[in-house]
Amino acid sequence: MLAQSYMGQKNYKKALVFLLTAQETAKQDPSINLLIGQCLIALGDFKQAKGYYDLVLKSNPHNGEANFNQGLIAMVLGEPFEGYFKNAEKYDKLYFDKEQGKLSDIEKFIQIRKEKQDK
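What counts, and at which threshold
Residues numbered from 1 in each chain as written. Predicted model: local features only at pLDDT ≥ 70, side-chain atom pairs only at ≥ 80, totals over all residues. Heavy atoms only, no water. Helix = DSSP H or I, 4+ residues; strand = E, 2+ residues; numbered from the N terminus. Rg over C-alpha atoms; globule rule 2.2 N^0.38 Å. Contact = heavy atoms within 4.5 Å. Salt bridge = Lys/Arg side-chain N within 4 Å of Asp/Glu carboxyl O. Buried < 20%, exposed > 50% of the residue type's maximum accessible area, 1.4 Å probe, protein only. Axes fitted to C-alpha atoms, helices over the stretch in contact; angles between N-to-C directions. Parallel < 35°, antiparallel > 145°, perpendicular 65-115°, else oblique. Left-handed = near helix turned anticlockwise from the far one by under 90°.

A.B. asks: Describe the overall build of the protein chain, naming the residues involved and giving the relevant values.
C.D. replies: Counting its regular elements, the protein chain contains eight helices and zero strands. Helices and strands appear in the protein chain in the N-to-C order α-α-α-α-α-α-α-α. Whereas a compact globule of 119 residues would reach a radius of gyration of roughly 14 Å, the protein chain reaches 15 Å, a difference of no more than 12%. Counting only C-alpha atoms, the protein chain reaches 45 × 35 × 20 Å along its principal axes. Considering only residue pairs separated by 6 or more positions, the protein chain has 45% of its internal contacts joining residues 24 or more positions apart.

Structure representation (structure tokens):
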């Protein structure tokens, strides 16, 4: 609960500390791993977030939120992502529709990063 409170305040570093502590006793808990992944995305640590979403999807491959966020991570990391978005839409259409605006934000981020690398 403390972690979610800190997440609501956008204090992701503090939330992450509490989540990692909780995860020590429940390493395979998908709800904890999902929140850790969210914090890591918010902090820009996509590679590490990927590992936590892998854990969530291993225990529940039908988790729409985890599929969607794993798709975002794959986009950023230049990996195949279409399957994740298809699964997200299939398993949680409401979440997919609500979060779809993030896709254009990520595409802009990738384009800006690519332009900087090309210079």
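A.B. asks: Just give me the short version of the pattern of salt bridges, but keep the residues and values in it.
C.D. replies: Under the criterion given, the structure shown has five salt bridges. One salt bridge connects Asp 97 with Lys 93, and the closest N-O pair in it is separated by 3.0 Å. Within this pair, Asp 97 and its partner Lys 93 are both found in helix α7 (residues 93-99), separated by four residues, close to a single helical turn. Asp 97 gets classed as partly exposed once you look at its relative accessible area, which sits at 38%. Residue Glu 99 is joined to Lys 98 by a salt bridge in which the shortest nitrogen-to-oxygen separation is 3.6 Å. Relative accessible area serves as the criterion here: at 11%, Glu 99 is assigned to the buried category. Overall, Lys 98 belongs to the exposed group, its relative accessible area being 60%.

A.B. asks: Describe the side chain of Asn 69, naming the residues involved and giving the relevant values.
C.D. replies: Along the chain, Asn 69 turns up in helix α5 (residues 64-77). The residues contacting Asn 69, other than those within four sequence positions of it, are Gln 38, Ile 41, Tyr 53 and Tyr 95.

A.B. asks: Mind laying out the packing of α5 against helix α8 (residues 101-118), listing which residues take part and the relevant values?
C.D. replies: Put simply, α5 and α8 touch, their axes get as near as 10 Å, and they point 15° apart. In terms of orientation, α5 and α8 fall into the roughly parallel class. Crossing handedness for the pair α5 and α8: right-handed. Of the residues in α8, those touching α5 at Phe 68, Leu 72, Met 75 and Val 76 are Lys 102, Leu 103, Ile 106, Glu 107, Phe 109, Ile 110 and Arg 113.

A.B. asks: Any details on the environment of Glu 107? Residues and values, ideally.
C.D. replies: With respect to the secondary-structure elements, Glu 107 resides in helix α8. Taking relative accessible area as the criterion, Glu 107 reaches 47% and is therefore assigned partly exposed. As a C-alpha pair, Glu 107 and Leu 94 span 13 residues in sequence and 21 Å in three-dimensional space.

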